[in-house]
Amino acid sequence: MEFEEYVSARGQELVRLGFTVSGDYQRAEDLAQIALMQAFRKWRKVRNADDPHHYVRRILVNEYLSMTRRRSFSEAPTADLDPQQSVPDHAAGIANSDGLWRALATLSARERVVLVLR
């Protein structure tokens with residue numbers, strides 16, 4: 001399997017995993033992009049692994065855990081946005097409607113990752 005084929009087949013799945021782990025759609029896209037970037041650098045090794053998707057998922061999870069350890073993880077918006085000018089975020093609407101997200105938010109990052117991967 002070539003890298004382009006992998007990205008087209010599994011890219012959105014990685015974004016969903018990133019959203020499930022982090023609870024933030026923008027951060028999920030960043031995590032997927034970073035995981036794919038790192039996988040691309042080592043694609044020969046990743047492609048020859050028993051399960052390449054598992055390998056890339058692990059890269060994503062490790063990057064999320066590393067991200068939570070950094071001081072810059074807790075970003076705070078600096079400007080007020082006009083809600084009528086912003087694009088609706090469908091993922092946020094789904095997340096807000098589900099009580100599970102509130103329960104996951106009370107867990108630590110490592111505990112959340114364990115539950116998501118189980």
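That block above? That's the structure.
Because the structure is a prediction, the values reported are computed rather than measured. (Residues numbered from 1 in each chain as written. Predicted model: local features only at pLDDT ≥ 70, side-chain atom pairs only at ≥ 80, totals over all residues. Heavy atoms only, no water.)

Peer 1: So what's going on with the packing of helix 4 (residues 52-69) against helix 7 (residues 109-117)? Which residues, and what values?
Peer 2: Contact pair helix 4 / helix 7: the axes reach a minimum separation of 10 Å and the direction vectors enclose 160°. In this view, helix 4 runs roughly antiparallel relative to helix 7, as classed from their interaxial angle. Once helix 4 is placed against helix 7, the crossing between them reads as right-handed. Here helix 4 contributes Arg57, Arg58, Val61, Tyr64, Leu65, Thr68 and Arg69 to the contact with helix 7, which in turn contributes Ala109, Arg110, Arg112, Val113 and Leu117. Tallied by class, residues from the contact of helix 4 with helix 7 come to 6 nonpolar, 1 polar and 5 charged. (Axes fitted to C-alpha atoms, helices over the stretch in contact; angles between N-to-C directions. Helix = DSSP H or I, 4+ residues; strand = E, 2+ residues; numbered from the N terminus. Parallel < 35°, antiparallel > 145°, perpendicular 65-115°, else oblique. Left-handed = near helix turned anticlockwise from the far one by under 90°. Contact = heavy atoms within 4.5 Å. Nonpolar A, V, L, I, M, F, W, Y, C, P; charged D, E, K, R; others polar.)

Peer 1: I'd like a description of the nonpolar core, backed by residues and values.
Peer 2: Among the nonpolar cores identified, the biggest contains 24 residues, and Leu14, Val56, Leu60 and Tyr64 are the most heavily contacted of them. Those elements that provide at least two residues to this core are helix 1 (3-22), helix 2 (25-41), helix 3 (43-47), helix 4 and helix 7. Apart from the residues within four sequence positions on either side, Val56 is in contact with Tyr6, Leu14, Ala35, Leu36, Ala39 and Val46. (Core = buried A, V, L, I, M, F, W, Y, C linked by side-chain atoms within 4.5 Å. Buried < 20%, exposed > 50% of the residue type's maximum accessible area, 1.4 Å probe, protein only.)

Peer 1: Pulling in residues and values, what's your account of the environment of Gln26?
Peer 2: Along the polypeptide, Gln26 turns up in helix 2. On the basis of relative accessibility, which here comes to 45%, the residue Gln26 falls in the partly exposed class. Sequence separation between Gln26 and Val15 is 11 residues, and the spatial gap between their C-alpha atoms is 9.3 Å.

Peer 1: Any details on helix 1? Residues and values, ideally.
Peer 2: For helix 1, with 20 residues, the first-to-last C-alpha span of 25 Å runs short of the 28 Å given by 1.5 Å per residue. Arg10 marks the point of greatest bend in helix 1, at about 55°. Every buried residue of helix 1 is accounted for by Phe3, Tyr6, Gly11, Leu14, Val15, Leu17, Gly18, Phe19, Val21 and Ser22. Gly23 occupies a position one or two residues after helix 1 and carries a positive phi of about 80°. (Expected span 1.5 Å × (residues − 1). Bend = angle between axes of the 7 residues up to and from the residue.)

Peer 1: Talk me through the packing of helix 2 against helix 4; I want residue IDs and the actual numbers.
Peer 2: Two elements in contact, helix 2 and helix 4, have axes separated by 9 Å at closest approach and are oriented at 125°. Accordingly, the angle class assigned to the pair helix 2 and helix 4 is oblique. Crossing geometry of helix 2 relative to helix 4 is assigned as right-handed. Across the interface between the two elements, Arg27, Leu31, Ala32, Ile34, Ala35, Leu36, Gln38 and Ala39 from helix 2 touch Val56, Ile59, Leu60, Glu63, Tyr64 and Met67 from helix 4. Of the residues assigned to the contact of helix 2 with helix 4, the class counts are 11 nonpolar, 1 polar and 2 charged.

Peer 1: Pulling in residues and values, what's your account of the packing of aromatic side chains?
Peer 2: One pass over the structure, following the stated rule, counts 3 aromatic pairs. Ring geometry for Tyr6 and Trp43: centres 5.6 Å apart, planes at 45°, overall tilted. Here Tyr6, found in helix 1, pairs with Trp43, found in helix 3; they are 37 residues apart in sequence, far enough to count as distant. On the basis of relative accessibility, which here comes to 2%, the residue Tyr6 falls in the buried class. Judged by its relative accessible area of 8%, Trp43 is buried. Through pairs of rings, three or more aromatic residues link up here, namely Phe3, Tyr6, Phe40 and Trp43. (Phe/Tyr/Trp six-rings, centres within 6.5 Å; stacked < 30°, edge-to-face > 60°.)

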